[in-house]
Amino acid sequence: AEVSERLEEARMLTDQSLSMTRELSMQLRPSMLDELGLIPTIRWYVNHFAKRVNIHTRFECNDTIGGLAPEIEINLYRTVQEALTNVARHAEAEKVLVRLTKREGGLEIVIQDDGRGFDVRQSMEHVSKGHGLGLLGIRERIASLGGRFEIDSQPGKGTRVSAWISG
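I will try to describe carefully the structure that is included in this document. Every residue gets a number counted from 1 within its own chain, in the order that chain's sequence is written. The predicted nature of this model means local features are confined to residues of pLDDT at least 70 and side-chain atom pairs, given and counted, to a pLDDT of 80 or more, with totals for whole chains, interfaces and linings taken over all residues. By convention in this description, side-chain values take in all heavy atoms of the structure and omit both hydrogens and water.

**Comments concerning helix α4 (residues 70–91)**
Put simply, the rule is: Going along the chain from the N terminus, every DSSP run of H or I of four or more residues is numbered as a helix, and every run of E of two or more is numbered as a strand. Here the expected span of a helix is defined as 1.5 Å times the quantity of residues minus one.
Under the 1.5 Å per step criterion, the end-to-end length of α4 is 30 Å for 22 residues, consistent within 8% with the ideal 32 Å. Note on α4: the residue one or two positions beyond its end, E92, has a positive phi of about 55 degrees.

Here it is as structure tokens:
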């Protein structure tokens, strides 16, 4: 009976490990990004995020976006992922908007929440000391694509993270 119990426990741990590995893999480079493209993948992630953290999250996009280079797609996906992770960890938000827009000459991605906000200057000083790697990661991803990255936030007034990439 004890051996049977231990085997069942090992099976459950194996199942949990496989599930966590699949989830991690999906977050790093979701296969649907290659199969379906950027818009459906971000839409899926936003819906998954909203259910997981119970924050009303909306995705807006003009559907004329397509044919992007794989490095642009993964960097935009990871930008959304990291920004939403920051919302879940720090913002205490009730609502989040993720908007991807194709404009003449490029793409703009905006992640905006109604959370508690923060002092941007102070946070960027914190980043320069090796903390807050999420914001640093977003900034570096966008810079690697030749884009611009901005954060607009004030305590008590929410946060708006935006990036613009030419192309």
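More follows now that the structure is in view.
**A few points about the pattern of salt bridges**
We apply this condition: Salt bridge criterion: a side-chain nitrogen from Lys or Arg within 4 Å of a carboxyl oxygen from Asp or Glu.
Evaluation of the coordinates by the stated rule reveals four salt bridges. A salt bridge links D15 to R11; its shortest N-O distance comes to 2.7 Å. Pair noted here: D15 and R11 are both in helix α1 (residues 2–28), with a separation of four residues, about one helical turn. R58 is paired through a salt bridge with E60; the nearest N and O atoms lie 2.6 Å apart.

**A few points about the nonpolar core**
Worth spelling out the cut-off: We call a set of buried Ala, Val, Leu, Ile, Met, Phe, Trp, Tyr and Cys residues a nonpolar core when their side-chain atoms join them within 4.5 Å. Think of it in three bands: residues with accessible area under 20% of the maximum for their type are buried, residues over 50% are exposed, and the middle band is partly exposed, with areas taken using a 1.4 Å probe on protein chains only. In this description, contact between two residues means that some pair of their heavy atoms is separated by no more than 4.5 Å.
Judged by nonpolar contacts, the single largest core of 38 residues is most densely connected at I42, L84, V98 and L100. Every element with two or more residues in this core is listed here: α3 (38–53), β1 (56–61), α4, β2 (95–103), β3 (106–113), α6 (133–144), β4 (148–153) and β5 (159–166). The element that contributes the greatest number of residues to this core is α4, accounting for nine residues. Excluding anything up to four places from it in sequence, L100 contacts L38, I39, I42, F59, E60, C61, N62, I65, L76, E108 and I109.

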